[in-house]
Amino acid sequence: MKNIDNPFYTATSRRQALKNIGIIGSAAALSPLNLACLKEEKKLGIALVGLGNYATLMLAPALQKTQFCELKGIVTGTPEKAIKWQKEYNISPAHTYNYETFDKIKNDPAIDIIYIVLPNFMHEEYTIRALEAGKHVICEKPMAMNAAGCKNMIAAAKKAGKKLQVGYRLFYEPHHLEMKRWANEPFEGRIKLMETSLGFDMARPGLWRIDKKMGGGGALMDLGPYVIQAARRAAGQNPVSVLAQGFIDDPEIYKGIYGTYTWQLKFADNALCNSTASFSSYTDRYYVSKGYDYMELKPAFAANAKMSLQSRDESKSLPCNEYQQTTQMDAFARNIFDNTAVIASGEEGMIDMQVIDAIKKSIETGAEVKIDYA
Ligand code: NDP
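This section reports on the structure supplied with the text. (Residues numbered from 1 in each chain as written. Predicted model: local features only at pLDDT ≥ 70, side-chain atom pairs only at ≥ 80, totals over all residues. Heavy atoms only, no water.)

### Some remarks on the site of the ligand
- Residues in close proximity to the ligand total 26 residues, the closest being T76, T78, K81, Y99 and R169.
- Separating a nitrogen atom of the ligand from a side-chain N or O atom of E140 is a distance of 2.9 Å.
- R209 places a side-chain nitrogen or oxygen 2.9 Å from an oxygen atom of the ligand.
- Protein burial of the ligand: of its 890 Å² of free accessible surface, 82% is covered by the chains.
- Counted by class, the shell around the ligand contains 11 nonpolar, nine polar and six charged residues. (Near = heavy atom within 4 Å. Polar contact = N/O pair within 3.5 Å; in protein donor to acceptor, adjacent residues only side chain to side chain. Areas by Shrake-Rupley, 256 points an atom, 1.4 Å probe, with all protein chains shown as cover. Nonpolar A, V, L, I, M, F, W, Y, C, P; charged D, E, K, R; others polar.)

See the structure below:
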């Protein structure tokens, strides 16, 4: 494992120190003692690329609370934003880039991680350029425009010897983890039915998300990954086929894409998940049934809402960080420090894209499509 720009830090010495105090690989991995050790390390510098809504409203505030990484740089095409962010977050002009100067980030030792928060059609290109610049990368969802793009990104990470995370905040969210634990717990019988859906009434003319070339397929691309991966996590397996439908409620708005996508995922044991992704209507549902029991998460996928897990007998809320993104980014920093596998990996992002590719094909052909994981 690599020394991370810190003359006082070496992986082996740190691992040895942790081993000596007996906490590596134990349930105490997140104990205060361990956190104290990690605190002594340099925080990893993150540069956000694309200062839009998500970067402004979620990632930058979340980065004020991270333990193992910090906001050190920005990449923006809007000079006014550069000035505002430099002031607000004490970012040096030396760590400020635009899309023309982006590749110079290679020579910036303050930046360890580049976080791509650009419109979907730019994810693959900027992730690969960031990896080629020798940086670790977090890329927002959907990982790319299709599974082939994801494959290129994974190959680029391997070639560069750098880590790649998809911005899947819910992979680290306590309620989602509890739903997974509950669903995967053996019981008499098997899971036969799930429902996962997410939608907002948000389609407006001019929005890049509804431009086929920039967004790649409206709500399916934007919200589909959440509902697909929720089904995969609860089922504990990947779906084998899908039958999908697309609906347009406003032909003036939706050109070459659908407003509402619905689909049914089928698993090898015949479990079924019925799903919706919509830019025309609000819906937010994560429901799993196990025999006579069920678990439902409400709200299911929203960022930083107060969630509760409801079963037949109880409703419970679990302790969690103010920002889901704080947990996600700190987990990635720990993967880099410890040279451990990334949970929300590029491979996970690619599986969701393989399912999305199959959904598109099913709508196009009107037939059930076997999902290609090659
Ligand atoms: P915005 O449209 O608000 O921001 C995108 C930013 O990208 C712009 O502000 C701009 O920043 C930059 N940009 C560069 N080129 C273009 C271009 N040609 N057209 C438009 N913008 C451009 O989008 P969001 O912040 O909502 O989404 C960004 C990404 O984050 C998406 O991939 C989305 O799926 C993902 N996302 C993830 C969420 C999650 O919960 N994980 C939630 C919301 C979004 P600048 O002016 O600085 O150059």
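Anyway, onward from the coordinates.
### Section: the nonpolar core
- Counting residues in each nonpolar core, the largest one holds 112 residues, and the members touching the most others are L48 and W263.
- Two domains share this core, each providing at least three of its residues, namely domain 1 (11-169) and domain 2 (172-321 + 346-370). (Core = buried A, V, L, I, M, F, W, Y, C linked by side-chain atoms within 4.5 Å. Buried < 20%, exposed > 50% of the residue type's maximum accessible area, 1.4 Å probe, protein only. Domains from an automatic or database assignment.)

### What to know about the sheet that holds strand β4 (residues 113-116)
- Taken together, the six strands give an open sheet; going across it, the order is β3-β2-β1-β4-β5-β6, and neighbouring strands pair in parallel fashion. Only two strands of the sheet have a single neighbouring strand rather than two, namely β3 (96-97) and β6 (164-166).
- One ladder, built from four bridges, connects β4 with strand β5 (residues 136-139); its direction is parallel. The residue bridging I116 from the neighbouring strand is C139, located in β5.
- Lying on the sheet, helix α11 (residues 324-338) is in contact with β1 (44-49), β2 (69-75), β4, β5 and β6; it crosses β5 at an angle near 155 degrees. (Pairing = 2+ DSSP bridges. Helix = DSSP H or I, 4+ residues; strand = E, 2+ residues; numbered from the N terminus. Contact = heavy atoms within 4.5 Å. Axes fitted to C-alpha atoms, helices over the stretch in contact; angles between N-to-C directions.)

### Concerning the sheet that holds strand β7 (residues 193-199)
- Strand order in the open sheet made by the nine strands is β14-β13-β12-β11-β7-β10-β9-β8-β15, with mixed pairing throughout. Two strands in the sheet have a free side with no partner beyond their single neighbour: β14 (315-316) and β15 (369-370).
- Sheet topology places β7 next to strand β11 (residues 283-290); seven bridges connect them, and they run antiparallel. When the bridges of β11 are listed, L193 appears paired with S289.
- Its contacts with the sheet put helix α7 (residues 174-184) on β11, β12 (293-298), β13 (308-311) and β14, and the angle it makes with β12 is roughly 170 degrees.
- In the packing of helix α12 (residues 346-365) onto the sheet, the strands contacted are β8 (241-247), β9 (260-266) and β15, and the crossing angle to β8 comes to about 60 degrees.

### Focus on the packing of aromatic side chains
- The tally for this structure, following the rule as stated, stands at 10 aromatic pairs.
- Ring geometry for Y99 against Y126: centres 5.9 Å apart, planes inclined by 75 degrees, an arrangement best described as edge-to-face. With Y99 in the loop between β3 and β4 and Y126 in helix α5 (residues 123-132), this residue pair connects regions lying 27 residues apart in the sequence.
- When the centroid spacing of 5.6 Å and the interplanar angle of 20 degrees are considered together, the rings of Y287 and Y294 count as stacked.
- Taking the relative accessible area as the measure of exposure, Y294 reaches 22% and is therefore partly exposed.
- Grouping aromatic residues by their ring pairs yields a cluster made of Y99, F102 and Y126.
- Looking at R129, its charged tip hangs above the ring of Y126, at a distance of 4.7 Å from the centre.
- In this arrangement the basic side chain of K290 is found over the ring face of W182, its NZ or CZ atom lying 4.7 Å from the centre. (Phe/Tyr/Trp six-rings, centres within 6.5 Å; stacked < 30°, edge-to-face > 60°. Lys NZ or Arg CZ within 6 Å of the ring centre and 35° of its normal.)

### A few points about α11
- Helix length check: α11 (15 residues) gives 21 Å between terminal C-alpha atoms against 21 Å at 1.5 Å per residue, within 8%.
- Most of α11 is tucked away, with 14 of its 15 residues classed as buried.
- Where α11 terminates, the next one or two residues include N339, which has phi positive at roughly 50 degrees. (Expected span 1.5 Å × (residues − 1).)

That is the geometry; function is a separate question.
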